[in-house]
Amino acid sequence: MPAVSKGDGMRGLAVFISDIRNCKSKEAEIKRINKELANIRSKFKGDKALDGYSKKKYVCKLLFIFLLGHDIDFGHMEAVNLLSSNRYTEKQIGYLFISVLVNSNSELIRLINNAIKNDLASRNPTFMGLALHCIANVGSREMAEAFAGEIPKILVAGDTMDSVKQSAALCLLRLYRTSPDFVPMGDWTSRVVHLLNDQHLGVVTAATSLITTLAQKNPEEFKTSVSLAVSRLSRIVTSASTDLQDYTYYFVPAPWLSVKLLRLLQCYPPPEDAAVRGRLTECLETILNKAQEPPKSKKVQHSNAKNAVLFEAISLIIHHDSEPNLLVRACNQLGQFLQHRETNLRYLALESMCTLASSEFSHEAVKTHIETVINALKTERDVSVRQRAVDLLYAMCDRSNAQQIVAEMLNYLETADYSIREEIVLKVAILAEKYAVDYTWYVDTILNLIRIAGDYVSEEVWYRVIQIVINRDDVQGYAAKTVFEALQAPACHENLVKVGGYILGEFGNLIAGDPRSSPLIQFNLLHSKFHLCSVPTRALLLSTYIKFVNLFPEIKTTIQDVLRSDSQLKNADVELQQRAVEYLRLSTIASTDILATVLEEMPPFPERESSILAKLKKKKGPGTVTDLEEIKKERNSDVNGGTESTPVNASTVSTPSPSADLLGLGAAPLTSSAPPPSSTGSLLVDVFSDSASVVAPLAPGSEDNFARFVCKNNGVLFENQLLQIGLKSEFRQNLGRMFIFYGNKTSTQFLNFTPTLICSDELQSSLNLQTKPVDPTVDGGAQVQQVVNIECISDFMEAPILNIQFRYGGTFQNISVKLPITLNKFFQPTEMASQDFFQRWKQLSNPQQEMQNIFKAKHPMDTEITKAKIIGFGSALLEEVDPNPANFVGAGIIHTKTTQIGCLLRLEPNLQAQMYRLTLRTSKETVSQRLCELLSEQF
Amino acid sequence: MQFMLLFSRQGKLRLQKWYVPLSDKEKKKITRELVQTVLARKPKMCSFLEWRDLKIVYKRYASLYFCCAIEDQDNELITLEIIHRYVELLDKYFGSVCELDIIFNFEKAYFILDEFLLGGEVQETSKKNVLKAIEQADLLQEVSKWYFSCLSNSMLCSG
């Protein structure tokens, strides 16, 4: 590179750029760049001081190299030197370099800020402009800290040049976006609002952007901007196309400013002042009218600018959602655009109509365009436009058109772009469920989804169809028949095998009467798919097989043969092998009764928000998946209060008691004393916690739920809009283990999620509970599990309380329920003959040993149910013991750590009186009393 | 507006302006991804597309693609006209602007953009006022400009 003399522009730079462009390969380019970097480095380090021009040239070369995508790690100091040059071009290049190659070196930042400060104070408008551009381009917190106080002064000072005002306004906006905390509100804000009246439209344009951004966060402070914006807008839309001179763009008066003003008005509800409101309505009508006028120019710029204003006006109309007349006009205008020859307009019309569909005033008007939208889905050549059409169909769907829309979406799915298939699948699944009147239609739709786009059907979708089929007995037979037919296809999707396997395993019996779908045919059909499936599906099919053993004893041996084959019993996959071994064993040793109990039909799933909806929301971001009903719900929630909110000062004690933590025990005992604080036990908690934990009173229905668990171990203990608590427990002698499942039903995270087990002092001495704390965050749709290890030390009366505290959105949630750990859980059944029973019965004839209760039946008096309950209670059910066959007698032993207590019970129903007499005899008074209490609640 | 990119049909980046703080690595990743996406689109397709949680507005002028990323609330059509106004400004300044003008005078392209857009918002829409600001600055230059338009054979038509 020959030395370049001054005076011919930055010729050296131009030569360098030419050189780079002439490089034939990437390697050659890198070589040339490295040579240049070495040259610049030596110049910067050289003994001879560089003049401003050379510095500018080299800094500019470095900038060019950086913009080519190479790393630059020097030259910042030279660039900073340029800032203090008095030559405009040198200063300008210095600022450009600083803006592009932002550096976090603090010494450098100090120097840069100093240079900026000097330029801001220079009162030279071009220098001030450069400095403000630099601040706006960098926008770092350091700059905000240094200049956020100064810029408002420049902005509102009377003698500031218009161009500087414009830069100052947008500079402040940038700083406010990155560091709002450094931008103090103050007297200047009202003067900024009055810039909307400024004579210079460029100043108004810049100021409107700033005011919009500030008003979003501080609506009260900028409220006066509404009337000013309306009058400004009114003057623009009514002006003749030449009035605004250079601010008219292709015959459209000030389109950028109009859009910005309309945007500003969207920060506020419709104006309260009737005159302002009327004037705004006039403006909006004028804009809508202009859309109908013939174009003043054929140039696309004219129509784009005009329609930009129109679309922004429609956004404002939708935002206000208060003028039915305007909403319907907007809808008609968009309807015209749906068939416009400009792809851009069709795209925007579809997009804008989506929001219009969620307004109750225009929902019906939007629906009239259904045929056009369906047509767009079929004929648009651009996938992004078709995507908009799908969105709009989804938004306009309601009960009246669901069948048509779902059918069209399914149709489109066959040819849809791969990139949008999953989303369409989710949408179809949601609509089919939401608007299903006839659940056979729903089942058909989902099976079609799997057939057409099986790969895009996520787990949520096929789980959901199973949940719905299990919960609705009117559709089970149909579902079994339909999946059976669908499985006949020679190549069916694995997701269909999953759904088919599950449904036939539960409800195959409903179609087994038909010789075309006899048990053996069902089994062979499923098993013919087995080898083509992945491990999880095969595991599911093995469970179907064992369910078949129960449903269809006649094919038990066939199934056992399959389970016994080497490919199952010796399968390399542990899960499959284990299932094969266990199922084979189960089918061999268990009696029909036991099989029937173990393999019973699945209980209904608790109703909850569809997890598919949560998934779609996650995919599209919140706010995009709204529909009319949700919006209505949101509106009502204010009135109804929504979720209960408690002051947040109860930041809650963490679960394990602090003293245990200090000892570093892995599983800290979780029991802490219950309030009231008068008990000495709770003092410790109070001392260590930031604030006393306030335990909520028992949730409504807690007692009923508690009673339901006396005779069973698994199920849903508690459920509200947000949270579901499920239980699964097992007991053996005096020990037990309980799995508590906390399910977040929302799509929002729970924070500080803290479940606490609370036992009174008395209960603590007879029941030992141990658990580990759970993760304090529970993601939306997620479930966390907590294991409680239980030891019964001596017999007890009360039940522990489970208190759950967490933050959901902005509210603090506090829920308490009774945890069903009851004395009867430690029952071991005892079989005995009639003679033994009555002998022991007589031995326990002491009045303290007997407890009797006569009570009215609360449920229908069904013998089988009663038997099941007594067995569920834990005692053995002794047949042919009582001389009266209508009576029930049971026997068992309660195991505690310290002792074992024999228990006998007798239940005498009186069908005529709809009464029961329950008698408990045990060797301990409190045990008799407690068991009698618990069991009396069950009938 | 979050950023603006100018790139050639061959995918070479000619100008990049970022209005949100991002690391160099992120910028490169976004650029790569967007250049690919936009270049893959056919001529008659619509000028808007959804990309991540942003809206992309792009338009091709001769050999150059102008591509802006705006937020959900922003107006697509007016952004399209921001692009056009910028092209008009370049055209007026360079006199029938071509890609080579932007390559050889990249710093000028940045200066003009800064007069027109600041912090991602329109600062001055009047063509006269923007060019007046730039020309004033040019008057302050002690050396005359060195034009490269003569080298060009791919003229940008201003649309």
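Calculation rules
Residues numbered from 1 in each chain as written. Chains lettered and ligands numbered in written order. Predicted model: local features only at pLDDT ≥ 70, side-chain atom pairs only at ≥ 80, totals over all residues. Heavy atoms only, no water. Helix = DSSP H or I, 4+ residues; strand = E, 2+ residues; numbered from the N terminus. Buried < 20%, exposed > 50% of the residue type's maximum accessible area, 1.4 Å probe, protein only. Contact = heavy atoms within 4.5 Å. Areas by Shrake-Rupley, 256 points an atom, 1.4 Å probe, with all protein chains shown as cover. Pairing = 2+ DSSP bridges. Buried area = accessible area lost by both parts, 1.4 Å probe. Salt bridge = Lys/Arg side-chain N within 4 Å of Asp/Glu carboxyl O. Polar contact = N/O pair within 3.5 Å; in protein donor to acceptor, adjacent residues only side chain to side chain. Nonpolar A, V, L, I, M, F, W, Y, C, P; charged D, E, K, R; others polar. Axes fitted to C-alpha atoms, helices over the stretch in contact; angles between N-to-C directions. Parallel < 35°, antiparallel > 145°, perpendicular 65-115°, else oblique. Left-handed = near helix turned anticlockwise from the far one by under 90°. Phe/Tyr/Trp six-rings, centres within 6.5 Å; stacked < 30°, edge-to-face > 60°. Lys NZ or Arg CZ within 6 Å of the ring centre and 35° of its normal. pLDDT = per-residue confidence, 0-100. Core = buried A, V, L, I, M, F, W, Y, C linked by side-chain atoms within 4.5 Å. Expected span 1.5 Å × (residues − 1).

Q: Could you give me a rundown of the overall build of chain A, with the residues and numbers involved?
A: If you tally the helices and strands in chain A, you get 42 helices and 17 strands. For chain A, with 939 residues in total, the buried portion stands at 54%. Intrachain contacts of chain A at a sequence separation of at least 6 include 69% that bridge at least 24 residues. With the model as given, the accessible surface of chain A reaches about 42300 Å², and the carbon-plus-sulfur share is 51%.

Q: A description of the overall build of chain B should follow, citing residues and the corresponding values.
A: Across its full length, chain B carries five helices and seven strands. For chain B, the α and β elements follow one another from N to C terminus as β-β-α-β-β-β-α-α-α-β-β-α. For chain B, the share of sequence-separated contacts (at least 6 apart) that also reach a separation of at least 24 residues comes to 55%. Accessible surface, chain B: about 6500 Å² in total, of which carbon and sulfur atoms supply 51%.

Q: Just give me the short version of the pairing of strand 5 (residues 723-732) of chain A, but keep the residues and values in it.
A: Residues and elements named next belong to chain A. The buried count for strand 5 comes to seven of ten residues, which makes it a mostly enclosed element. Strand direction decides the pairing type here: strand 4 (residues 715-719) and strand 5, joined by four bridges, are antiparallel. When the bridges of strand 5 are listed, Val716 appears paired with Gly726. Both strand 5 and strand 6 (residues 735-744) contribute to a ladder of ten bridges, which runs antiparallel. Looking at strand 6, one finds that Leu723 is bridged to Asn744. Between the end of strand 5 and the start of strand 6, which pair antiparallel, lie two residues, with Gln733 showing a positive phi angle near 50 degrees.

Q: Break down the interface of chain B and chain A for me, citing the residues and quoting the values.
A: Facing 61 residues of chain B, the contacting portion of chain A comprises 71 residues. Between chain B and chain A the total buried area reaches about 5600 Å² when both faces are included, carbon and sulfur atoms providing 55% of it. Three residues stand out in chain B for area buried against chain A, namely Leu77(B), Phe106(B) and Leu118(B), and they jointly supply 11% of the buried area on that side. Joining chain B to chain A, the criterion identifies four salt bridges. At the boundary of chain B and chain A, one finds 27 residue pairs in polar contact (both at pLDDT 80 or more). The biggest single contributor to the side of chain B that touches chain A is helix 2 (residues 76-94) of chain B, with nine residues. The class makeup of the residues in the side of chain B that touches chain A is 25 nonpolar, 13 polar and 23 charged.

Q: Tell me what's going on with the packing of helix 26 (residues 476-487) of chain A against helix 27 (residues 494-507) of chain A, and back it up with residues and numbers.
A: Residue and element names in this part refer to chain A. At a minimum axis distance of 9 Å, the contact between helix 26 and helix 27 shows a crossing angle of 135 degrees. Considering their axes alone, helix 26 and helix 27 lie oblique with respect to each other. For the crossing formed where helix 26 meets helix 27, the hand is left-handed. Every residue of helix 27 that contacts helix 26 at Gln476, Ala479, Ala480, Val483, Ala486 and Leu487 is listed here: Leu496, Val497, Val499, Gly500, Ile503, Leu504 and Phe507. For the contact of helix 26 with helix 27, the residue count by class is eleven nonpolar, two polar and no charged.

Q: Which residues make up the sheet that holds strand 1 (residues 3-8) of chain B, and what are the values?
A: Here we have five strands laid out as an open sheet, ordered 2-1-5-4-3 (chain B), and antiparallel in their pairing. Edge positions in the sheet fall to strand 2 (13-18) and strand 3 (48-51) of chain B, since each has one partner strand and no second. Recorded for the sheet is a direction-independent mean angle of 20 degrees between the axes of neighbouring strands. Relative to strand 4 (residues 54-61) of chain B, strand 3 of chain B runs antiparallel, the two being bridged by four bridges. Along strand 4 of chain B, the bridge assignment pairs Glu50(B) with Lys55(B). Sheet strands touched by helix 18 (residues 343-356) of chain A: strand 3 and strand 4 of chain B. Its angle to strand 3 of chain B, the strand with the most contacts, is close to 50 degrees.

Q: Can you lay out the sheet that holds strand 6 of chain A for me, pointing to particular residues and giving the numbers?
A: Residues and elements named next belong to chain A. In space, the five strands of this open sheet follow the order 4-5-6-9-8, with antiparallel pairing throughout. Of all strands in the sheet, those with a lone pairing partner are strand 4 and strand 8 (767-771), marking the two edges. For this sheet, the mean angle separating the axes of adjacent strands, direction not counted, is 25 degrees.

Q: So, the packing of aromatic side chains: which residues are in play, and what are the values?
A: Residue and element names in this part refer to chain A. One pass over the full model with this rule turns up 32 aromatic pairs over all chains. A ring pair is formed by Phe837 and Trp841, whose centres lie 5.6 Å apart and whose planes are at 20 degrees; its orientation type is stacked. In this pair, Phe837 and Trp841 are both assigned in helix 40 (residues 834-843), four residues apart and thus about one turn of the helix distant. By relative accessible area, Phe837 is classed as buried at 0%. In this structure, Lys818 is placed above the aromatic ring of Phe706, and the distance from its NZ or CZ to the ring centre is 4.8 Å.

Q: An account of the confidence of the model for chain B is requested, with residue identities and associated values reported.
A: The pLDDT averaged across chain B works out to 85; a share of 87% of its residues lies at or above 70. Across chain B, the secondary-structure element scoring lowest on mean pLDDT is helix 5 (residues 127-140) of chain B, at 82, and the one scoring highest is strand 5 (residues 64-70) of chain B, at 96.

Q: Break down the nonpolar core for me, citing the residues and quoting the values.
A: By size, the foremost hydrophobic cluster in this structure holds 273 residues, and its most contacted members are Ile116(A) and Tyr86(B). Broken down by element, this core gets its largest block of residues, eleven residues, from helix 2 of chain B. Apart from the residues within four sequence positions on either side, Tyr86(B) is in contact with Met4(B), Leu6(B), Leu15(B), Phe66(B), Ala109(B), Ile112(B), Leu113(B) and Phe116(B). Counting 59 residues, the second-largest nonpolar core is a separate cluster that includes Leu717(A), Leu802(A), Ile821(A) and Phe888(A).

Q: Residue-level account of the packing of helix 22 (residues 402-413) of chain A against helix 24 (residues 439-453) of chain A, with values.
A: Residues and elements named next belong to chain A. Direction vectors running N to C along helix 22 and helix 24 enclose 15 degrees, while the axes themselves pass 10 Å from each other. Our classification of the angle between helix 22 and helix 24 gives roughly parallel. Along this stretch, helix 22 crosses helix 24, giving a crossing that reads as left-handed. Contacts between helix 22 and helix 24 involve Ala402, Gln403, Val406, Leu410 and Leu413 from the former and Trp441, Thr445, Asn448, Leu449, Ile452 and Ala453 from the latter. Residue composition of the contact of helix 22 with helix 24, grouped by class: eight nonpolar, three polar and no charged.

Q: Please set out the pattern of salt bridges residue by residue, giving values where relevant.
A: Tallying each qualifying case throughout the model produces 48 salt bridges over all chains. Residue Arg177(A) is joined to Glu121(B) by a salt bridge in which the shortest nitrogen-to-oxygen separation is 2.9 Å. In this pair, Arg177(A) sits in helix 10 (residues 162-178) while Glu121(B) sits in strand 7 (residues 121-122), so the two residues belong to two different chains. The class for Arg177(A) is partly exposed, based on a relative accessible area of 39%. One network of salt bridges, with partners in common, ties together Arg388(A), Asp391(A), Glu423(A), Lys427(A) and Glu50(B).

Q: Describe in detail the environment of His84(B), supporting the description with residues and values.
A: Residues and elements named next belong to chain B. Along the polypeptide, His84 turns up in helix 2. Overall, the relative accessible area of 1% leaves His84 in the buried class. Distance in space between the C-alpha atoms of His84 and Phe66 is 9.1 Å, their sequence separation being 18 residues.

Q: I'd like to hear about the environment of Arg451(A), residue by residue, with values.
A: Residues and elements named next belong to chain A. Along the polypeptide, Arg451 turns up in helix 24. Owing to a relative accessible area of 59%, Arg451 belongs among the exposed residues under this scheme. C-alpha separation for the pair Arg451 and Leu496, spaced 45 residues apart in sequence, amounts to 7.6 Å.

Q: Got a sec to walk through helix 6 (residues 106-121) of chain A? Specific residues and values, please.
A: Residue and element names in this part refer to chain A. Here helix 6 contains 16 residues, and its C-alpha end-to-end distance of 22 Å stays within 8% of the 22 Å for a straight helix at 1.5 Å per residue. Buried positions along helix 6 lie against helix 4 (76-83), helix 5 (88-100), helix 7 (125-138), helix 8 (141-147) and helix 9 (151-156). Once helix 6 ends, the next one or two residues include Arg123, with phi positive near 65 degrees.

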